[in-house]
There are 2 protein chains.
Amino acid sequence: MATPQGTPSAATGQGWGPPYLLYIGNAPDHLAAKTARGLAHWRPQWCIGQFRGSECRTTIGIPDMTFEQAVAAGANTLIVGVANAGGVMDEETVAHVVQALRAGLNVASGLHQRLTSHPRIVETAKACGRTLFDAREPPATPVGKGLPRPGRRLLTVGTDCSVGKMYATLAIEKELRARGVAADFRATGQTGIFIAGRGIPLDAVIADFISGGVEWLAPGRDDGGWDLIEGQGSLFHPSYAGVSLGLLHGAKPDALVLCHEPGRAHMRGLPHYPVPELARCLEKNLDAARLTSPNVVAVGVAINGSNLPPGDAARVRAAIEAELGLPCQDPVADGVGRIVDRLLQCLPN
Amino acid sequence: MATPQGTPSAATGQGWGPPYLLYIGNAPDHLAAKTARGLAHWRPQWCIGQFRGSECRTTIGIPDMTFEQAVAAGANTLIVGVANAGGVMDEETVAHVVQALRAGLNVASGLHQRLTSHPRIVETAKACGRTLFDAREPPATPVGKGLPRPGRRLLTVGTDCSVGKMYATLAIEKELRARGVAADFRATGQTGIFIAGRGIPLDAVIADFISGGVEWLAPGRDDGGWDLIEGQGSLFHPSYAGVSLGLLHGAKPDALVLCHEPGRAHMRGLPHYPVPELARCLEKNLDAARLTSPNVVAVGVAINGSNLPPGDAARVRAAIEAELGLPCQDPVADGVGRIVDRLLQCLPN
């Protein structure tokens with residue numbers, strides 16, 4: 001099988017790689033800066049500064065730096081991960097990328113629109129001897145087959161986009177490893193790819209190859225360990241549900257963890273679509289997963305409680321536990337110990 | 001919105017266009033030659049011959065011709081539509097395309113692998129002054145929004161791939177037009193694009209843009225007419241279900257027609273997956289469609305009875321009608337008059 005074009009070795013230091021300056025641009029809200037935030041959370045030692053535009057409305061909480069300051073502080077690569085609908089760079093972003101290259105930074109991007117498709121960026125990189133890396137350039141994979149394969153797999157699914165699926169998956173990896181269980185995070189999005197050093201940018205894959213891409217990402221394993229597959233989108237999001245369904249089928253998961261942000265008013269980007277009820281959402285995901293994995297079980301609910309009023313989180317978690325009969329935790333605030341307890345209880349070695 | 005790159009005007013005669021020589025290659029069975037068969041069925045006046053390889057196991061039933069004979073008979077374009085898993089050209093196909101170009105034919109292809117990505121083909125076309133056209137080069141579209149839009153839309157869905165969704169959709173267009181109802185076939189696959197002269201190659205679209213591509217293909221209309229959207233894949237096919245789900249959401253259909261090939265032993269290409277029961281398949285499709293189109297209804301079942309033993313078709317149709325309470329017809333053998341009756345009864349002007 002072909003070596004994936006989209007699998008950087010983020011820690012190599014050759015060409016692009018850490019230390020990173022995180023490009024926040026004019027991110028209008030916290031969610032728009034989720035790539036930078038995720039990197040700073042899971043790889044703080046790699047992230048030495050952030051670059052924000054004049055209209056930026058969020059912060060990662062690390063030092064603001066110009067491109068020149070970042071280079072002086074030892075930064076190697078600018079990470080461009082600000083998400084717009086459609087993943088397109090605006091003119092200001094292009095101008096900033098060009099400035100960064102001239103200042104001496106390599107540039108890595110997770111946007112749909114490739115750095116390497118933009119003549120001015122390509123010319124500048126060439127003239128300055130800098131490296132461009134597009135994390136959303138997908139590898140060539142076969143189509144999905146849904147065949148039996150060894151190993152155990154967990155997939156995170158969500159009520160919506162951007163509800164904490166990657167955080168939950170990484171937290172489960174950390175918890176399983178702490179317990180001495182072999183476990184590997186399998187990245188399906190730009191941020192995860194920067195964190196894991198490899199992965200498949202699933203939303204950039206050609207539609208016929210969604211499930212095949214996931215089969216490639218998490219092939220059979222026979223060491224008794226777990227592949228922990230990062231979910232994407234939601235079966236209930238009209239823009240992206242196709243990706244979520246192909247991911248369910250390709251993952252062939254033994255276990256699902258449902259991810260949710262309590263209090264969200266509507267589906268992300270779509271004020272006319274309500275967030276689904278948890279029980280209904282979970283049942284639809286289990287039902288869809290059963291096509292390739294008839295014995296799939298749910299083992300927990302991970303919530304992102306960061307926007308809840310203080311004191312509400314415990315009540316919300318208890319209500320979800322009572323409703324679904326599953327452990328419910330906030331991976332950032334509480335960890336995922338009880339979810340992993342349930343996982344290993346349902347699916348022991 | 002950008003002019004789609006994937007919308008040929010098949011009847012222009014400029015560059016590529018009819019008359020066609022249909023490339024069957026070494027198609028191992030009837031289904032593998034479905035692009036050529038579909039073109040010959042729906043546009044017989046454009047198809048003057050077929051080219052078959054030495055190991056071909058099917059025929060379209062039109063005269064066999066060499067490339068030179070086809071040119072002498074007036075052919076303008078070789079249509080390459082033989083489907084392999086993954087849509088890749090083998091070496092013999094490449095050699096044939098090169099021969100055809102040298103003989104004086106333009107070449108149009110519906111395969112995933114682009115003619116324009118193959119240096120030898122590109123060089124030969126350039127040297128011979130011939131046109132290459134890749135029907136699977138998708139247009140740039142926005143992501144799906146699931147917003148209300150005017151007009152009425154019907155989508156064909158299937159128990160499996162290659163069960164007659166395109167034929168059913170085209171037959172419904174013909175029947176509605178014969179009754180004086182404005183109706184337009186909206187192509188989502190290679191064959192449909194060659195037949196309609198425009199469309200979107202949905203399986204070649206980037207995963208995040210599946211539903212958005214369908215919204216682009218069938219935007220709002222206010223003439224009281226119907227958009228008849230060609231379905232793809234099946235919610236029950238582990239390789240391609242993501243495409244089918246995004247298509248359901250983007251189509252926002254008022255009506256579904258379920259397509260099925262009775263007697264098929266298993267899902268196409270996957271001997272370990274059974275074909276779903278009709279009632280279950282239809283209910284899952286209606287349920288999934290309701291996310292963007294809450295009032296969607298089923299108006300009929302279209303079967304491909306071409307492989308049934310003589311005399312069985314009527315019995316099979318009657319059994320399906322009794323089970324589902326919907327008109328069931330074979331579009332090729334019986335037309336779709338009763339399905340269209342039901343459509344216009346459920347959704348009058």
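Residues numbered from 1 in each chain as written. Chains lettered and ligands numbered in written order. Predicted model: local features only at pLDDT ≥ 70, side-chain atom pairs only at ≥ 80, totals over all residues.

Colleague: I tried to follow the overall build of chain A on my own but got confused; where do I start?
Modeller: Within chain A one finds 12 helices and 11 strands. Taking 20 Å as the expected radius of gyration for a compact globule of 349 residues, we find that chain A reaches 20 Å, a close match to that expectation. Expressed as lengths along the three principal axes of its C-alpha atoms, the size of chain A is roughly 55 × 50 × 40 Å. A burial count over chain A gives 58% of its 349 residues as buried. (Helix = DSSP H or I, 4+ residues; strand = E, 2+ residues; numbered from the N terminus. Rg over C-alpha atoms; globule rule 2.2 N^0.38 Å. Buried ≥ 20, exposed ≤ 12 C-beta atoms within 10 Å, placed from the backbone.)

Colleague: I'm lost on the interface of chain A and chain B in this one. Help?
Modeller: How big an interface is tends to be expressed through the accessible area that disappears when the partners come together. Contact with chain A, which involves 33 residues of that partner, is made by 33 residues of chain B. Put simply, the parts of the chain that give the side of chain A that touches chain B at least two residues each are α7 (210-217) and α8 (241-251) of chain A. Broken down by element, the residue count for the side of chain A that touches chain B peaks at six residues, all from α8 of chain A. Looking at the side of chain A that touches chain B, its residues break down into 19 nonpolar, 11 polar and three charged. (Contact = placed C-beta atoms within 7 Å. Nonpolar A, V, L, I, M, F, W, Y, C, P; charged D, E, K, R; others polar.)

Colleague: Looking at this model, I keep getting lost on the relation of the copies chain A and chain B. Mind explaining?
Modeller: These two copies of the chain differ by a rotation about an axis and a displacement along the same axis. It takes a turn of 180 degrees to lay chain A on chain B, together with a shift of 0.0 Å along the axis; the resulting RMSD is 0.0 Å. Here the two chains are linked by the operation of a two-fold rotation axis. With an isologous cut-off of 70% or more, the 100% of interface residues of chain A that recur at the interface of chain B puts this contact in the isologous class. (Least-squares fit on C-alpha atoms with pLDDT ≥ 70 in both.)

Colleague: So what exactly am I meant to see when it comes to the sheet that holds strand β2 (residues 47-52) of chain B here?
Modeller: Hydrogen bonds between backbone atoms are what pair the strands of a sheet, whose relative direction is either parallel or antiparallel. All names here are of chain B. Judged by pairing direction, the sheet is parallel, and its five strands sit side by side in the order β2-β1-β3-β4-β5 without closing on themselves. Strand pairing shows two members of the sheet lacking a second neighbour, β2 and β5 (132-134), which therefore form its edges. Shown here is a sheet whose adjacent strand axes are inclined to one another by a mean of 20 degrees, direction ignored. Looking at chain direction, strand β4 (residues 106-109) and β5 are connected through three bridges and run parallel. If you follow alanine 108 over to β5, its bridge partner there is phenylalanine 133. Of the strands in this sheet, β1 (20-25), β2 and β3 (77-80) are in contact with helix α1 (residues 34-42), which crosses β1 at around 150 degrees. (Pairing = 2+ DSSP bridges. Axes fitted to C-alpha atoms, helices over the stretch in contact; angles between N-to-C directions.)

Colleague: Help me out: how do you make sense of the sheet that holds strand β7 (residues 183-186) of chain B in this one?
Modeller: Residue and element names in this part refer to chain B. Pairing in this open sheet of six strands is parallel, and the strands run β7-β8-β6-β9-β10-β11 from one edge to the other. Strands at the two margins of the open sheet, each flanked by one partner only, are β7 and β11 (328-329). The sheet contact formed by strand β10 (residues 297-303) and β11 spans two bridges and is parallel. Opposite alanine 302, over in β11, you have glutamine 329 as the bridge partner.

Colleague: Any chance you could explain unusual backbone geometry here in plain terms?
Modeller: Residues and elements named next belong to chain A. That bond from proline 18 to proline 19 is cis: its omega, 0 degrees, falls within 30 degrees of zero. On the secondary structure map, proline 19 appears in the segment before β1 (20-25). Despite not being glycine, serine 162 has its phi angle at roughly 55 degrees, a positive value. In this structure, serine 162 sits in the loop between β6 (152-158) and α5 (165-178).

Colleague: Explanation requested: the environment of proline 150 of chain A in the structure shown.
Modeller: All names here are of chain A. Position of proline 150 among the secondary structure elements: in the loop between β5 (132-134) and β6. Classification of proline 150 as exposed rests on a count of 10 C-beta atoms within 10 Å. Taking the C-alpha atoms as reference points, proline 150 and glycine 220, 70 residues apart in sequence, are found 4.7 Å from one another. Ignoring any residue separated from it by four or fewer positions in sequence, one finds proline 150 in contact with Gly220, Arg221 and Asp222.

Colleague: Could you clarify how one ought to interpret helix α7 (residues 210-217) of chain B in this entry?
Modeller: For the α-helix, the turn length of 3.6 residues means that residues three or four positions removed from each other point alike. Counting buried residues in α7 of chain B gives eight out of eight residues, a clear majority hidden from the surface. All of the buried residues along α7 of chain B are Ile210, Ser211, Gly212, Gly213, Val214, Glu215, Trp216 and Leu217 of chain B.

Colleague: Before we go on, may I ask you to explain the domain arrangement of chain A in this structure?
Modeller: Residue and element names in this part refer to chain A. Looking at the assigned domains, one finds that chain A contains domain 1 (20-134) and domain 2 (152-346). Averaged C-alpha coordinates put domain 1 and domain 2 at centres separated by 27 Å. Across the boundary between the two partners, domain 1 contributes 12 residues, which contact 10 residues of domain 2. The element contributing the most residues to the side of domain 1 that touches domain 2 is helix α1 (residues 34-42), with five residues. For the side of domain 1 that touches domain 2, the per-class residue count stands at five nonpolar, five polar and two charged. (Domains from an automatic or database assignment.)

Colleague: Please explain α1 of chain B as it appears in this structure.
Modeller: All names here are of chain B. Judged by how many residues are buried, α1 sits mostly within the fold: seven of nine residues are covered. Burial in α1 covers these residues: Lys34, Thr35, Ala36, Arg37, Gly38, Leu39 and Trp42. Looking at the buried residues of α1, the elements they touch are β1, β2, β3, α5 (165-178) and α6 (190-196).

Colleague: Explain the pairing of strand β8 (residues 226-229) of chain A to me, please; I cannot follow it from the model alone.
Modeller: Remember that side chains alternate between the two faces of the sheet whenever the strand is regular. Residue and element names in this part refer to chain A. Alternating residues of β8 divide into Trp226 and Leu228 and Asp227 and Ile229, and every residue in both groups is buried. Pairing analysis gives four bridges linking β6 to β8, with the strands arranged parallel. Looking across to β8, one finds that leucine 155 is bridged to isoleucine 229. In this sheet, β8 lies alongside strand β7 (residues 183-186) in parallel orientation, the contact comprising four bridges. For alanine 183, the partnering residue across the bridge sits in β8 and is tryptophan 226.

Colleague: Explanation requested: the environment of threonine 59 of chain A in the structure shown.
Modeller: Examined against the element boundaries, threonine 59 of chain A turns out to sit in the loop between β2 (47-52) and α2 (67-72). By the C-beta count within 10 Å, which is 15 here, threonine 59 of chain A ends up partly exposed.

Colleague: Just to check I follow, could you spell out the pairing of strand β4 (residues 106-109) of chain A for this structure?
Modeller: Residues and elements named next belong to chain A. Residues Asn106 and Ala108 of β4 are buried on one face, and the alternating residues Val107 and Ser109, pointing to the opposite face, are buried as well. As paired elements, strand β3 (residues 77-80) and β4 share four bridges and run parallel to each other. Note that in β4 the partner of isoleucine 79 across the bridge is alanine 108. Between the parallel elements β4 and β5, the chain passes through helix α4 (residues 119-128) in a crossover that is right-handed. (Right-handed = clockwise from strand over helix to strand, strands pointing away.)

Colleague: What exactly am I supposed to notice about the confidence of the model for chain A here?
Modeller: Caution applies to low-pLDDT regions: their predicted coordinates should not be interpreted in detail. Residues and elements named next belong to chain A. Across chain A, the average pLDDT comes to 92, with 95% of residues at 70 or higher. Confidence drops under a pLDDT of 50 for residues 1-14, and excluding neighbours within four residues, the segment shows 30 contacts in the predicted structure. Scored by ipTM, the complex comes to 0.85, with pTM at 0.86. (pLDDT = per-residue confidence, 0-100.)

Colleague: How should the environment of serine 306 of chain B be read in this particular structure?
Modeller: Residues and elements named next belong to chain B. Assignment of secondary structure puts serine 306 in the loop between β10 and α10 (312-324). The class for serine 306 is exposed, based on 12 C-beta atoms found within 10 Å. Between the C-alpha atom of serine 306 and that of leucine 132, which follows or precedes it by 174 residues, the distance is 34 Å.

Colleague: How should I be thinking about the packing of helix α9 (residues 278-289) of chain B against α10 of chain B in this particular structure?
Modeller: Relative placement of two packed helices is described by the angle separating their axes and the distance separating the axes. Residues and elements named next belong to chain B. Across the interface, α9 lies against α10 with an axial gap of 10 Å and an inter-helix angle of 50 degrees. Comparing their axes, α10 and α9 come out oblique. Viewed along their axes, α9 and α10 form a crossing whose handedness is right-handed. On α10, the residues that touch Leu278, Ala279 and Leu282 of α9 are Ile320, Glu323 and Leu324. (Parallel < 35°, antiparallel > 145°, perpendicular 65-115°, else oblique. Left-handed = near helix turned anticlockwise from the far one by under 90°.)

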